[in-house]
Structures are given as C-alpha cells and as structure tokens.
Amino acid sequence: MISPIKTLLRNITRERNTSNFTWWLGEGVRGEPTIHIGDVSEYSCTYMKLNPLQLIITSECNQQRGFLCTHKLRSSSNTKNTIVASHASRSRLRRNVDAMGSSVTDINKLLLEADKELKRMETTGGEPTNYNRYKFIQYLLEGTKKLTPEFALSHNDTISHIISCGNGILLLSKKKCDIQTNPNPTSLFEDVFEIFRTISLLLGSVTTQKLVIRHGTGTIYQSNHKPADLGNAVLGSEIDGEFIKLPSYSALQAQLGEHSKILAQMATFSRNPHPSSDNISGTLCSLLLSSGVSDIKLANLTEMIEIFMPRPTASALMSSTAALEQNAKALATINVSDPNVTVVFSVEPSANVSLILTLSQGSPPTSTYSNNTTILSPAGGYCWMITPEMLHQTPGVWYVDTRLFNSTWEPGLTLNVTSFMIKCLYWHIEKEKWSTDGCQVGEKSTPDRTHCLCNHLTLFGSSFFVMPNYVDISRTTTLFATVSENYVVLALLCTFYGLYLVTLLWACYADRRSCSKRKMTLLEDTHPGAQYNYLMSVQTGHRKNAGTSAIVTVKLTGSEGESERHTLTDPVKPVFERGAVDMFLLATPFPLGEVRSLRLQHDNSGGHPSWYINKVTIQDLQTQHVWHFLCDCWLSDDHGDGMTKKTFNAAKKNEIASFRNIFQSRTSTGFRDEHIWVSIVDPPSRSPFTRAQRVSCCMSLLLCTMAINIAFWNIPVDGDSSVLFALGSLRITWQEIMVGVESGLLMFPINILIVTIFRSIRPRIISKTQKDNCEETFGPPAVTIATILKDTEDVISLVSRSPRNKMSEMHRLESTTDLCPALDRVHEFIQLMQGESESDPHWVYCSKFLLAGLCHLLMGLDKLDGKNFPSPHEYQRALNITNLLVRKAEMVFSSHLAYCPPPVKKKKKKRSGGCRLPWWCVFLGWFLLLSISGVSTFFTLLYGFQYGKEKSIKWVMSLGLSLFQSIFILQPLKVIGIAVFFALLLKPVAVEETEDTEQLLLEQQDKCRRYCGRDKL
C-alpha cells in the first residue's frame, strides 16, 4: 500500500475508534488482497478493514461502506495526487463556508475566503458537501451582484478570479468521490452559470461593444441591439462554428416590439451539464434575450431560429462502397434505436446520375410495399434527411433501396454510402429532462457540425420561483446534535406546544359545556295534534348582561290567524344567554299565512331579568318562507324604554338588504367564525367546527407559518428583480411578490382543506336510547272527566283562533253536561269544512288537527265507564257522537288532502358552504392536521439549528412581528373587507339549516302518535 494512504489511515485512527470502519477501494489504491468472499470475477469489489488491516474481495458490491480513492486536482502551481477518505456512517467536524457569508460586501476578502474554502474542499474527504457547495455558490453570486458595472469593467483580474472560483467549485463537485451515492443536483450547472451570466450583464450594461467571456466550461457572447437589428442577426462566432442565426424581424416583432433595447447573450458549453441517456455530445449552446430588467421569452415563432453547434470530437464516419450493376439495386440497412432521431443518408455516385431511394421498415422495399421515396440528382445533392415523421417514430431495422432514375448506366458505376443519426434537443427546465418539442434537425447538418431549427429559446438557469434557503436533510443528525448550543427555536416551539396543550384542555371543557346548548327545543306547550311547523331562531345580543333569567313568552300573528302564547323554555339547557342563538320548533293547527308580527314579553323574574334581543327569524318549514324581525332593543324595566313586552313587525325587504344590517351580521359572523384566532373564544353555538378543532387548526397554521417564514427568511436580495410598486421609500419587487405567492401556495391550500373538512362534517346521528323511549313504557297519563273536558276545550279554542273557521271561543266546560253541546259545535265546524268546495292547506291542516283531537277524545272515553257520567245513556251518547265525528273528520281530511296534497319535499339544496361530509371525515381532518404540524415542526427545527443561535434570535423577533400583523391587522381587515363586499352586493346572511330539524320533527310526530293513538293520520 502506498505511503500517503498509510499516513492518512494513521492520522484517522489516532482520533477515534475505527475498529468497525470499512472502505471501498478505488483504482490506484488497491494492494494484494488477503481474503476472498464469494465468487471472484471481473465484477468483484475490494474493500479495506482496520484492526487488523485487511484487503477483502467480495462479489456483494451493493453494501454501504465508506470510500477511499485517489484523484488528481489541478492547482495554479502544480499537479498533485490527493488521498480522500469518506464514511457514510460518521460525520466529521468541518470548517464551514459561512465565513464567506460575512465577506459578501468586500469582493477581495470574499475571493480570499473562497480560495481558502476551495483548498480545504480539495484536501478534505467527503467535500464538497451539499450544504457547503450550495452556500459557496450562493455567497459568490451574492458578492458578484453587489459589484458595480464600472468596477467590473476596470478590474479584469477580479472578474477572472470570480470565474476561476466558479469553475473550481464546479470541477470539485463533478470529481467528488461519493458522486455515485450522492449525485449533484440537476441545477448545479445553472447555479454556477448564473455567476458567469451576472458578470456579463454587468459588463454589458456599460459598454455597447461585443463582449466575449471565456470560462472553463465554454464561452459567453454578449451584444446590445435594437429590436429591429435582431432580424436575421448572427450571434456568436461563425469562425469557430458556434453561432445562432435569428429569423426575420417580422417573425420577432410581435414579441420584441415593446422593448427599446435588447441584450443578447449566447453561451456555449464544451460539455453536457445534464448527462442523460440521450448520448448528447459536442458543443451545446443557449440564447438568452434580456431587456435589462427581465428576460424575454420567445416561443411559437412563425420562422425557425437556426442554431449551429460544432462537434470537434466527432469521429470519422465509416463509408461503404458498392458497385451498382445494370438493372440492379443497392440495399442498405439502418438500425434505428431512438424514435426521435433524424437519419442523414448520403450516397455519392461515381458519375453524374440521378438516383431514386425507397425507404421501408422490417423488410426490403418492393413495388407494392414502401414507406417513403425520394429522388436525388446532381443539382440537389446526394443527401437524404430521413426525419422522425418518415420513420413514424418507430425504432427497428429500416431498409434503403437505391436505383438509377432516368439515367444511363455506365460500366464501373459505384456508390459511396455513408449515414449518421442526429437529433436536436433542448433542456426542459420544469421537467428537468432533454426534450425535442419545437426543434428539428436542419439540412445543413454534417458529421462535424449540427444544424438545428427551433421555434423557441432554450433558457438555461432561469426559474419562475424564488428558491427558499437551502437545508441539507442528510445532516439532520448533525444539526440536531447542536441543540445544547442553539436552543432558541426549540424553546420557542416547546412554549407554543405548552400553550397549545393548556388551551386544548380548556377548549375540550368548553366544548362539552356548549354541546348541550346546541340542542333545538320542541316547545312543551305546543299542542300534540298541531302539525303546521315553524322554526323560530332567537338571537340574544352580545352586549354586557344581555342574557336573561326571566321566563319569555311569544305569540305569532299572521294574515290568516294567530298562535297561542308559548313559553320559550327548555327543561335541559339554559336559554337566552349572552350571544346565544336558541332555536325552537313551534306548531300551530293551521297555517298563519304571512307572519306579520310577533309579541315578546317576559315576567321579569330571576336575578338578571333584563334581556337584549338582537334578532328573531321565523321559518315556515312547509313553504321554506322566512320572516326576519330586527329587534335590537332591551326588554327590561331598567334599560332602554323600560318595557318588558313589545310587538315587533316583520322586516321589509329593503330593511333586510340594507347595508347596515348586512354589514353588522357579516362582521359579527366573521369575527366569531371566520377569524380563526378570535373564534376560539366565542364560536357560533351551532357550528360543527368545535373549539378544540379551531385551537388545533390555529396551531397547525402557526407551525406552517413558522416553517415557511424560516425557510424564506433573509434570502439574498435579487438586484435584477423588477420593481412593481414604489411609494417613497416603500418598494415592492417581483421577488417579494413571488415569495408571497409561494408562501401562500405552500401554507394555505392544506390548512384551508383541513378547516373546510371540520366545517363541513355532518353531525353524527345517534339513535334513541331506552331512556329516550321511557315515556312509552310508562304509558299515557291517567284519564279523567276533567282531562277530557280540558282537552276538548283546548281543541275548540285553538280552532277558533282563525277567522276563516267562523267559530267563536267556547266558555269553560264545567261538567259532562257541557260535553255534548261542545261536540255539536265541532260537528258544525266539520259541516263547514265539508261545504268548502275549494281545498287549500288551511283546511287540510285544520281537518288533520281536528281528527287528532277527536281520536284522542275517543281514546279517553273508551277508557272511562258510565260511572263518570250522570247516566249510562249520556255516556253512550257521548261515545256515539264522538265515533260519528271521527268518521266524518276522516272523510273531510281525506277529501281536502286529495284535492290539495301537501307539497312534495324537495331534495336538499346544496349549502352555500358546499356539501356536507360524513361524520367519519373528522378522522381525515385530524390526520392531515397532525401530519402537516409534524412536518412543519421538523423543518422549523432543522432550519433553526442550521442558522445558529444569533440568527435564530433575529428570526424569532421577525416572526413575532409577522404573527402580530396576521392576527391583529390582516385577519380583521379580511373579515371587514368580506363584510363590506357582501354588504355592497346586498346579500344577507343565509338562514342556517341543520339536520337537527329532522330529528325534532320526528320527535313531534312521535308525540302526536302517542296523543291520538294512531300510527298515521
């Protein structure tokens, strides 16, 4: 083993325990092996093991080990062999390139640090690492951009030094030992070339002369032009054979006419910067046009751009000579392996004759089978370009048949046949691969020069997106090991997570308390037989002490009647608390028509009876018509006008659509629901989006904000970025706009999706338990004469509340002797309904209510006996009359229902907020939330450890300002802006729909079924 390697190993083993270290050995390092494992062949590999030192040959070459190799690096003075060792499983303490970062404002100091860093990378195993290479190029580019054009023009040595440093990092990256296991990024060449391009732009901005900048990987040609001068212009060097010829100005004018000055920059490259399976060889070139502010992109031109690229290393073509006999043919075969190549087929006859060439696939052409034919003559040349279209982009064996065409055969006629394949490609930046779209091979192509025709420009090194700061994920373990030195970001995250857990516990407790408040109430004093339903929503104001402890009653008045007075209370939950929205199901025996007014009053009881009522909404569940009552007043004897009872009229359309009403509703709804931070404290009571989910979404949004903020924090300023807006010292550049767009694209879609899932989840419907059905097990209450008289009196009283029924209120029924006269009045009302020739919903619901009441009365009489009446005769008479009335009521109800069927329930319309998701989607929301939170936390920590303590502290300060702007400025402005927008469009807040209504209606139907003793009326 050579002496330098022994010295290297001796230095390594002094510092650490290397008993388990193994290295693959490159050529030039191997000695005589001492152990053989497996079958030894030419494909075997050699690795080295320490303690004891052994060289081992094995056929298992895919195992992960370190690598020991020798390579040659050229310096400015001499050439030397360098021994480099690397090991994948152990990190090394390295000098960091961040020393260059502090010198970007002093170009001479920056270049001095760059030389030191290149020398260190050259002599250190495993260098350049991804991180060091990225930061080296970044600092060198940033320092170059800070130069002035005058400085660049007068300091040729400095410019040359910058180019040398760029070449150095490029060569080191291509020659590193671990390039097979850790390949360079695809954008490496573009990143280095951006340095060269910046230099040429600096020089071109102060001189109108043509510039030629030669660097280690190629040449840059730069010139200034007026748009009209670019027509048929030649860019590059025709002497060297590398040049581009532009089309006429008429083809360029549409895309260049708006610019007054254009900077043309043509670059050639001696090697392919993006190796691929396309076997690209020879010189490569690119053309960039710039206005001095931004790049100009040419695409879909009507005339082709001609590109000439020499192939100095092309090998001589092998030719074949064939004798063409009289009435014979020459047959050549071509093996096409790439469907996109163009075959240049040349056949030179020994005499001036015309030839006909026929192309076919798979078998020689015949008189009946061929794919393409051409005629070659001395005037047009003896070269045939077989394009991919002629080959139908089909690989395989193709045949070319050559014969004489309208020419006289001469003895000794020979054909010299040569062919080569060529194709034109460009580098597709977005797809990161070579593509042939828009390019084709030109007819001037030769074996040592490629002629391409393209209708667009190939843009090397340009990108639409601003790249965030680079972080090397492979150094995760190393970076996390610095936590004891840099705990700033970790401490901040721990603080946020601690606050989150405390807030989450409170949110879960608050959600459990508010869960019962979401319950809708079926009013207990609603008559069981009443089936015309109204949904009433009562919104208590948000003012201080707006809630009430008093008992509230309501009475509705419509165009066709009025309801009885109902007490708005719930036996399970408290009602009319501050900011609450309480919903009640109220039923009447018949439609009230247009609800014109409602009367609210309370009994002034309890410790805080004063009540600030904000708004009441009444919805007819049969017709879906809605009436709004804009109250906004106190019902109190010590607030407002001192009244505890008031009548409110239904709001008119102009009042509902007024700017003031819509703005107030939208603002209140926005801050309580749309403002994700404020809504944690007081969310809408009926929203499926719980406090715990809101707190978790806030945490996810915070972590995303931190991760994106730290990724884009303090990125280098692009001096070439155009200014879109300027007001005094305030300047907004295109780079800043793009950072904002990218941040939004990274952060908001996933978080909006999570919030949308939580908002749109349909509540889980739980079937009734035995506890819910306990009423049926105990049966109906006991039946007495008093209850029968009371129920009969209630039925007549409710029916008499409509003027259309023409029934006056009945006096109180005192005894059984009053029952038969009351039934006679009911009989008269049935006869009135029988006489109505036109049916409408009023008579349908009246007859249905009356039928339910009579069935209940009949069921009660059946349970009694004659002892409760003065005589058995009177009892039998009452029973017979009731039986008769039930049958007549059934006939009347059936008749009116047949001529006026109830409206068919429409399919549920889609909600304005979108479709409702099944309840199990809550698990999907939590999975996405936890995933994005975990990823954001990981990258925030990774960037924080990479930045170091001082930079992390500065980032935390900038983050605090960013969060303050988001929570206290941007979010409120968003809510107010949306409220103003909808107010100007005059779109009121939609009435809330809920699945709880269906459950409440089922409960009411069950109550009616038990009341009348029938499963269905």
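Predicted model, so just to flag it, every value in this text is computed and none were measured.

Reading the values: the criteria
Residues numbered from 1 in each chain as written. Predicted model: local features only at pLDDT ≥ 70, side-chain atom pairs only at ≥ 80, totals over all residues. Heavy atoms only, no water. Helix = DSSP H or I, 4+ residues; strand = E, 2+ residues; numbered from the N terminus. Contact = heavy atoms within 4.5 Å. Areas by Shrake-Rupley, 256 points an atom, 1.4 Å probe, with all protein chains shown as cover. Buried < 20%, exposed > 50% of the residue type's maximum accessible area, 1.4 Å probe, protein only. Polar contact = N/O pair within 3.5 Å; in protein donor to acceptor, adjacent residues only side chain to side chain. Phe/Tyr/Trp six-rings, centres within 6.5 Å; stacked < 30°, edge-to-face > 60°. Salt bridge = Lys/Arg side-chain N within 4 Å of Asp/Glu carboxyl O. Patch = residues over 30% accessible without salt bridge, like charges linked within 9 Å, V, L, I, M, F, W, Y side chains within 5 Å. Pairing = 2+ DSSP bridges. Axes fitted to C-alpha atoms, helices over the stretch in contact; angles between N-to-C directions. Core = buried A, V, L, I, M, F, W, Y, C linked by side-chain atoms within 4.5 Å. Disulfide = S-S within 2.5 Å. Expected span 1.5 Å × (residues − 1). Arc of directions from axis to C-beta. Parallel < 35°, antiparallel > 145°, perpendicular 65-115°, else oblique. Left-handed = near helix turned anticlockwise from the far one by under 90°. Nonpolar A, V, L, I, M, F, W, Y, C, P; charged D, E, K, R; others polar. pLDDT = per-residue confidence, 0-100.

A. Just the overall build of the protein, in detail. For the protein, the count of helices and strands is 22 helices and 38 strands. Looking at the protein alone, contacts between residues at least 24 apart form 73% of all its contacts between residues at least 6 apart. Surface exposure of the protein reaches about 52,700 Å², of which carbon and sulfur atoms provide 54%.

B. Up close: the side chain of S223. Mapped onto the fold, S223 is located in strand β8 (residues 218-225). Judged by its relative accessible area of 8%, S223 falls in the buried class. At 2.6 Å, the side chain of S223 forms a polar contact with the side chain of H225.

C. Focus on unusual backbone geometry. One non-glycine residue, N327, lies in the positive phi region at around 60°. A positive phi angle is found at N406, which is not glycine, with a value near 50°. Topologically, N406 is positioned in the loop between β21 (396-404) and β22 (414-422).

D. Examining the packing of aromatic side chains more closely. Inspection of every chain in the model, using the stated rule, returns twelve aromatic pairs. Geometrically, the ring pair formed by F576 and W611 is tilted, given 4.7 Å between the ring centres and 45° between the ring planes. Residue F576 is located in the loop between β31 (566-568) and β32 (581-588), and its partner W611 is located in strand β34 (residues 611-620); the two are separated by 35 residues in the primary sequence. Taking the relative accessible area as the measure of exposure, W611 reaches 0% and is therefore buried. An aromatic cluster is defined as three or more aromatic residues linked by ring pairs; in this entry it consists of F480, F938, F939 and F945.

E. Inspection of the pattern of salt bridges at higher detail. Tallied over the full model, the rule gives 18 salt bridges. As a salt-bridge pair, E560 and R804 come within 3.7 Å of each other at their nearest N and O atoms. Of this pair, E560 sits in the loop between β29 (552-558) and β30 (561-562) while R804 sits in the loop between α16 (785-799) and α17 (819-834), and the two are 244 residues apart along the sequence.

F. Quick look at the environment of P803. Note on placement: P803 falls in the loop between α16 and α17. Sequence-wise, P803 and S559 are 244 residues apart; in three dimensions their C-alpha atoms are separated by 9.9 Å. Setting aside anything within four residues of it in sequence, one finds P803 in contact with E560 and G561.

G. View of a nonpolar patch on the surface. A surface patch of nonpolar side chains, amounting to about 370 Å² of accessible area, comprises W919, W920 and F923. For W920, the position within the fold is in the loop between α19 (872-899) and α20 (921-947).

H. View of the pairing of strand β18 (residues 355-361). Counted residue by residue, β18 has five buried out of seven residues, so it is predominantly covered. Relative to strand β19 (residues 372-376), β18 runs antiparallel, the two being bridged by five bridges. Bridge pairing links T358 to T373 in β19. In terms of strand pairing, β18 meets β21 through seven bridges, oriented antiparallel. Among the inter-strand pairings, I356 is bridged to a residue of β21, identified as R403.

I. A look at the sheet that holds strand β14 (residues 305-310). The five strands lie next to each other as β9-β10-β14-β26-β25, forming an open sheet whose pairing is antiparallel. The sheet is open, and its two borders are formed by β9 (234-237) and β25 (439-441), each paired with just one other strand. Going across the sheet, the axis of each strand differs from the next one's by a mean of 15°, ignoring polarity.

J. Representation of the nonpolar core in the model. Ranked by internal contacts, the top residues of the largest apolar core, which has 73 residues, are L600, I613 and V616. Of all the elements, helix α18 (residues 841-863) adds the most residues to this core, at 13 residues. Within the second largest apolar cluster, 40 residues are counted, among which are L140, V192, L203 and W427.

K. Spotlight on the sheet that holds β21. In space, the four strands of this open sheet follow the order β16-β21-β18-β19, with antiparallel pairing throughout. This sheet does not close on itself; its edge strands, each paired only once, are β16 (330-336) and β19. For this sheet the average axis-to-axis angle between neighbouring strands, irrespective of direction, equals 20°.

L. Molecular detail of the state of the cysteines. By the definition in use, this model includes two disulfides. For C424, the disulfide goes to C452, at an S-S distance of 1.8 Å. Judged by the torsion about the S-S bond (-90°), the C424/C452 disulfide is left-handed. Within this pair, whereas C424 is found in the loop between β22 and β23 (426-428), its partner C452 is found in strand β26 (residues 449-454), the two being separated by 28 residues in sequence.

M. Focus on helix α3 (residues 107-123). Spanning 17 residues, α3 covers 24 Å between terminal C-alpha atoms, matching the ideal 24 Å at 1.5 Å per step. For α3, the complete set of buried residues consists of I107, L110, L111, E113, A114, E117, L118, R120, M121 and E122. With a side-chain oxygen lying 3.3 Å from the backbone nitrogen of N108, the N-terminal cap of α3 falls on D106.

N. Quick look at the environment of I386. Examined against the element boundaries, I386 turns out to sit in strand β20 (residues 383-386). A sequence separation of 41 residues divides I386 from F345, and the C-alpha atoms of the two residues are 7.3 Å apart. Contact partners of I386, with chain neighbours within four places excluded, come to I334, V341, T342, V343, F345, L359, L391 and V400.

O. Spatial organisation of helix α8 (residues 249-256). Residues of α8 that are buried: A251, L252 and L256. Around the axis of α8, the buried residues are gathered within 110° of arc, so they sit on the same side. Opposite the buried face of α8, at more than 90 degrees from it, the exposed residues are S250 and A254. Structurally, α8 contributes buried residues whose contacts are with β11 (262-269), β12 (284-290) and β13 (295-296).

P. Quick peek at the environment of T569. Secondary-structure assignment places T569 in the loop between β31 and β32. In this structure, the C-alpha to C-alpha distance between T569 and V552, residues 17 residues apart in sequence, is 7.5 Å. Not counting residues up to four positions away in its chain, the partners in contact with T569 are T521, L523, V575 and F584.

Q. Structural detail: the packing of α3 against helix α4 (residues 130-145). Close contact between α3 and α4 brings their axes to 10 Å; oriented N to C, the two are set at 160°. Comparing the axis directions of α3 and α4 gives the class roughly antiparallel. Relative to α4, α3 is oriented so that their crossing is left-handed. Side by side, α3 and α4 meet where I107, L110, L111, A114, E117, L118, R120 and M121 of the first sit next to N132, F136, Y139, L140 and G143 of the second. Residue composition of the contact of α3 with α4, grouped by class: nine nonpolar, two polar and two charged.

R. Spotlight on the confidence of the model for the protein. Per-residue confidence for the protein gives a mean pLDDT of 78, with 76% of residues at or over 70. Note that pLDDT drops below 50 for residues 27-43; the model gives that stretch 29 contacts with residues more than four away or on any other chain. Of the regions scoring below 50 in pLDDT, residues 459-467 engages in 28 contacts with residues more than four places distant in sequence or in other chains.

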